[in-house]
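Okay, here's what each chain looks like letter by letter:
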Amino acid sequence: MSGQMEGAMFQRTTIPISFTGDVTHLKVCNGFLLYVMVGREGKVIRRVNMLVKTEEKDEVEFGRDDEIVDVFLDPTGDHAIIVMSFDVNYYLHRLSKSLKQISKFNGKKITAVAWNPDCALRYTGPILVGTNKGVLYETSLVASEDSKFRIASSAPEQYVKQLYVFGGLQVSGIAFGRVSPGHRKLQSNSYFILVVTPGRLYQFYGTAASTIEGSSLLLPIFEQYQDIQDIQYIDLPGDNSVCQLHTFQRSPESPITSFAWMASPGILCGKIDHTVSSGADSIILNHKLVHYEQGINDTMADPPKSVALTEFHVLMLFENRLKVVSTLNEQTVWDDQFDPRDNVQNIWRDPRKGNIWINAKRGVYRYKVVNESRNVWRIYLNMGEYDRARAHCQSDAEKLDMISRQQANKLFDSGKYEDSAQYYAQTKMSFEETTLKFIQAKKEVALRIYLERKLQCYNMPEDMVQVTMLVTWLVEIWLNHLGQAADAMELQNDSAAHDLEVMQEEFRLFLSKKSLRTCLAENKSMIYNLIASHGNVDDLVFFADLMKDYEKVISHQLQNNNFEPAIEQLQAVGDVRLVYKFSPLLMQHKPAATVDLWKSLYSNQDPSKARPDPKKLIPSLVQYGVTKLAPGQTHEAIRFLEFCIRSLKNQDQAIHNYLISLYADFDADRLLQYLKVQGQDAESVNYDLKYALRLCSEKRLYKACIHIYSTMGLYSEAVNLALEVDLSLAKENAHKPSDDEERKKLWLDIARHVVEKQQNIDDAMKVLKECDLLKIEDILPFFPDFVTIDKFKEAITKSLAEYNEHITSLKADMEETTKSADQIRQQIQDFRIKSGVVRTTDKCSLCSYPLVTRSFYLFPCQHKFHSDCLVAEVLPTLNSHMRVKVEDLQRRVASREDTYSVTSVSSTALTQLSAKAELDELVATECIFCGDQMIRTIDEPFITAEEYEEALDSWS
């Protein structure tokens, strides 16, 4: 088959590199090509950056007598080890043009190298080196500055540490990498090591040293293997000359996942368990031997020259052909023929870029790997590894359907019906065909599983019809199963009882799925009918609760006298509509719990739930029939109404009136306390005064009536009723009127009652003492004629003494008033004759101009102001009306001054003089610096807002 076929998995390209000699060795890593060429012009090592399109080649010459035995290039392309004849080894850095001898390996032929995955540009880090004598070493190489000499004198190795000896057998291949810390016995610095000798593959793993510091990193791992018998290994006996080891990793950051060991019998391929999840016995998983002679029309039994490993294939290079074999099923998937004259030598996979390179003596070929996993899913499918097949379908719906269909058929044929149902639901097989298979096989459980899985494939609301059909069918199947389990339980089968419980729980979980909520809600009546037709009351209630059809749930509970669950349901739901509906019945049977329910609804902080209206709960309270309270019994209606008033601060008149009616029937003392708390302001009380008065009158609750009369302002009625009940209560109400005449009248009624009804003169005298408005002469008419004056002697004497004291007080007040009047008159007279001195040098206190230049005012405080200056200062402090009046008075006074000198004093002049006096009264009542005006304007700014703006503008 041609390698150039369109769509081929491996596409070959000839690299245009001209060779002047034979290429003996070639390695490519990270896009850097290094090859050894021997020709007439000498022996050179050439390096080419294949990532840059340039003809420039970097050459390193070496001695004509030397012969290169092998070349080892690290995955980054930065470091190389050149093995010469005569057991001499050199180190070559990518940036160096000279070879540096690895002196500590003189006399040792390096046959295998395992590079450190964490190497840097100038530092290899710890690497493993194997020799032809079967000795495994650890070393580290460091690149120094370029030297002008071809071979530098300084040794690059930092240290060399012998790790293990394999009995004189040549070490032909080495690989090592980190082990993930998934295993509990391994730490984050754990490693695995694979070592190949002819006929045997050894495997090591363990925890490395935490720090190197010149010592070995991996020595602690090998120290635990004291005897070769302790090492895990795989034997492949045969020709010892054929031995290579190759590994594969998808990226530098990912771990090594697989290996290929070329041995005499064939190529051993396997997986690396870098998590050690299978246990501590081996890190190699699922290894198999790929024989060389396998393949179409392939009879060759000789091993290939070299092999390369990709993720799913092993590439075998023979004399004139490249054979690609799948590591999964050992089938040949591709062949590429070469011209025999090409004389191909070696095959190599770039570990970083993934390309395959083949060198011939006169040319180089590059193979690009194109989607090599394209057929992997089918291989796994044919092998029956369905999960792995799905993993490589790349979400291709057609491939996934094929896998699920084949897996489902296989499970169905093997009798695993329930498992097959899950995979049938993932296929595009006919719904009718699939369901018929389960119906004919009488596997209802499997059918149910299939329908449930199929239900997940539909989307709401686009597939509403299909979803409704499936849900209805599934509910019917579930109900049949539950009925059969219930019948089995009646036969005293304990396991059946457990099965019924588990099945009912699964059915309820099915109904509770959020994805079905819309479908169930729109078909609620049909589901109710289905469940009811099977007589499944418990599940009917559960479904109603699930649909938030709480009315149906609570109705069912009340019908069965389950009052406590009904109250709990109402409390959880918090629907006031349901509270109004069911509370009358609940108050008849569970009044205390019902009131507790109501109170809890008011303490709910959820804003989405409305609080009940206490007025709408009154019909429920009416249903609470209590004719008489037992000792210690609480009237639940009173308890709730008190809660509304005290805690909720409810002011609805209906609530207060109903509470008063209950108080009147069951607790008169608390009624009186309630009335007192409400107060005696008729406008602020929350109950109907007339209703309360009528009710208390009917119940003969006179103290309550007295309080209500007093609240209504009917003090006379209150006192008259109190005189029949309690004299002290009458006296208390007689004090309440604010009008002295009314208060005196009420006390006279009390005195009349005491004298005429009680005929108690001593109590009548006490009444005189309690009310200061009554005198002895007010109550004397109430006494009978035969009463002697001795009974009133003290009261009469006291009354006369009070009159005498009052007269004396009036005389003293009159004398004090006369003296005050005389003093005021004297002060007025003194003020009239008071004068002040004005000098010609005096100036106005406002404008600072000479005072006598025009009319002025002189105040007793010696402040002096021009008339116009004072008016201008006072005018802004007056209101608009006063300002208008002042301006008018100014005009009248000014006209008087103009005519005064040419006419005699007339009535008009007298009018103008009065205008001057009125003007003085308005503007010169007090000094503006010393009077009240100065105090009133203390918080005002010194300049107005307009003046402030003008000042700012002047500075700008």
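Reading guide: rules and limits
Counting restarts for each chain: residues are numbered from 1 in the order of the written sequence. Whole-chain, interface and lining totals are the exception, using all residues; otherwise, since this is a predicted model, local features are given only for residues with pLDDT of at least 70 and side-chain atom pairs are given and counted only at 80 or more. Excluded from the side-chain calculation are hydrogens and water; included are all heavy atoms of the structure. Strands are treated as partners if at least two bridges between them are detected by DSSP. By the criteria applied, helices consist of DSSP H or I runs no shorter than four residues and strands consist of E runs no shorter than two, each listed in order from the N terminus. Site definitions follow a grid-based scheme: protein atoms alone, a 1 Å grid, a 1.4 Å probe that fits but cannot get out for cavities, and for pockets an open set with protein on both sides within 12 Å along at least five of seven lines, plus lining residues having an atom within 4 Å of a point. Grid points are joined across faces, edges and corners, and a volume is the space filled by probe spheres set on the points. Only Asp, Glu, Lys and Arg are considered charged in this grouping, and only Ala, Val, Leu, Ile, Met, Phe, Trp, Tyr, Cys and Pro are considered nonpolar; every other residue, Gly among them, is considered polar. Here is the rule: rings of Phe, Tyr and Trp (six-membered ring for Trp) pair when centre to centre is within 6.5 Å. Planes less than 30 degrees apart are stacked, more than 60 are edge-to-face, and the remainder are tilted. Only protein chains enter the accessibility calculation, which uses a 1.4 Å probe; a residue is then buried when its area is under 20% of its type maximum, exposed when over 50%, and partly exposed in between. Distance and angle both matter: a charge sits over a ring if NZ of Lys or CZ of Arg is within 6 Å of the ring centre and within 35 degrees of the ring normal. Here, a salt bridge means any side-chain nitrogen of Lys or Arg that lies within 4 Å of a carboxyl oxygen of Asp or Glu. What we call a nonpolar core is a set of buried Ala, Val, Leu, Ile, Met, Phe, Trp, Tyr and Cys residues that are connected through their side-chain atoms within 4.5 Å. Contact between two residues is taken to exist if any of their heavy atoms lie within 4.5 Å; hydrogens are not considered. Fitting a line to C-alpha atoms yields each axis, with helices limited to the stretch in contact; the angle taken between N-to-C directions then spans 0 to 180 degrees. Residue-level confidence of the predictor is summarised by pLDDT, bounded by 0 at the bottom and 100 at the top. Two N or O atoms count as a polar contact when they lie within 3.5 Å, although within protein this holds only if one can serve as hydrogen donor and the other as acceptor, and sequence-adjacent residues are included solely when both atoms are side-chain atoms.

Student: Give me the lowdown on the pairing of strand 6 (residues 68-73), citing residues and values where you can.
Tutor: Where strand 6 meets strand 7 (residues 79-84), five bridges bridge the pair, whose relative direction is antiparallel. Residue F72 lies in a different strand from strand 7, and its bridge partner there is I81. Turn length for the strand 6-strand 7 hairpin, with the two strands adjacent in sequence and antiparallel, is five residues, and the turn residue G77 shows positive phi of about 80°.

Student: So what about the layout of surface pockets? Which residues, and what values?
Tutor: Put simply, the second largest pocket is a space of about 740 Å³. Lining the second largest pocket are 23 residues, with E873, T877, Q933, T937 and E940 sitting closest to its centre. Breaking the lining of the second largest pocket down by element, the ones donating at least two residues are helix 29 (867-874), helix 31 (907-923) and helix 32 (932-936). The element contributing the most residues to the lining of the second largest pocket is helix 32, with three residues. In the lining of the second largest pocket, the residues fall into 13 nonpolar, five polar and five charged.

Student: Talk me through the packing of aromatic side chains; I want residue IDs and the actual numbers.
Tutor: Applying the stated criterion across every chain, the model contains 29 aromatic pairs. Where Y528 meets F543, the ring centres are 5.3 Å apart and the plane angle is 80°; that geometry is what we call edge-to-face. In this pair, Y528 is assigned in helix 11 (residues 524-533) and F543 in helix 12 (residues 537-546), connecting sequence segments 15 residues apart. Across this residue pair, the class does not change: Y528 and F543 are buried. The structure contains a cluster of three or more aromatic residues connected by ring pairs, namely Y164, F166, Y202, F204, F222, Y225 and Y233. Its guanidinium or amino end placed over the ring of Y233, R200 lies 3.9 Å from that ring's centre, counting from NZ or CZ. The lysine or arginine in question, R448, covers the ring of W478, its NZ or CZ lying 4.0 Å from the ring centre.

Student: Describe the pattern of salt bridges, listing the residues and the values that go with them.
Tutor: Tallied over the entire structure, the rule returns 31 salt bridges. Residue D235 is joined to R200 by a salt bridge in which the shortest nitrogen-to-oxygen separation is 2.7 Å. Placement of D235 in strand 18 (residues 232-235) and of R200 in strand 17 (residues 200-207) is noted, with a sequence separation of 35 residues between them. We classify R200 as partly exposed; its relative accessible area is 21%. For R321, the salt bridge goes to D335, with nearest N and O atoms at 2.9 Å. In this pair, R321 is assigned in strand 25 (residues 321-326) and D335 in strand 26 (residues 332-337), connecting sequence segments 14 residues apart. Across this residue pair, the class does not change: R321 and D335 are buried. Salt bridges here are not isolated pairs; linked through shared partners, they connect E551, D575, R577 and K581.

Student: So what's going on with the nonpolar core? Residues and values would help.
Tutor: Ranked by size, the top nonpolar core spans 67 residues in total, and within it W598, F640, L671 and Y687 carry the most contacts. The contact partners of Y687, leaving out residues within four places of it in the chain, are Q653, H656, N657, I660, Y674, L675, Q678, A692, H707, I708 and T711. Ranked by size, the runner-up nonpolar core spans 45 residues in total, among them A408, W478, L482 and L530.

Student: Can you lay out the sheet that holds strand 27 (residues 344-349) for me, pointing to particular residues and giving the numbers?
Tutor: Here we have four strands laid out as an open sheet, ordered 1-29-28-27, and antiparallel in their pairing. If you trace the sheet from one side to the other, it starts and ends with strand 1 (10-15) and strand 27, each paired once. Neighbour-to-neighbour, the strand axes of the sheet open up by a mean angle of 20°, direction not taken into account. In this sheet, strand 28 (residues 356-360) lies alongside strand 27 in antiparallel orientation, the contact comprising five bridges. Each bridged residue has a counterpart across the sheet, and for I347 the counterpart in strand 28 is I358.

Student: How would you sum up the confidence of the model for the protein? Please name residues and give values.
Tutor: Mean pLDDT for the protein: 83, with 87% of residues reaching 70 or above. Here residues 1-6 is a poorly scored stretch, pLDDT under 50, and it has twelve contacts once near neighbours within four places are set aside; other chains count. Confidence drops under a pLDDT of 50 for residues 146-153, and excluding neighbours within four residues, the segment shows 18 contacts in the predicted structure.

Student: I'd like a rundown of the side chain of T139, residues and numbers included.
Tutor: Position of T139 relative to the elements: it lies in strand 12 (residues 135-141). The buried category is assigned to T139, whose relative accessible area is 2%. Within the local environment of T139, its side chain forms a polar contact with the backbone oxygen of Y159, the two atoms lying 2.6 Å apart. Those residues in contact with T139 that sit more than four places away from it in its chain are F105, G125, P126, I127, V129, E157, Y159 and V160.

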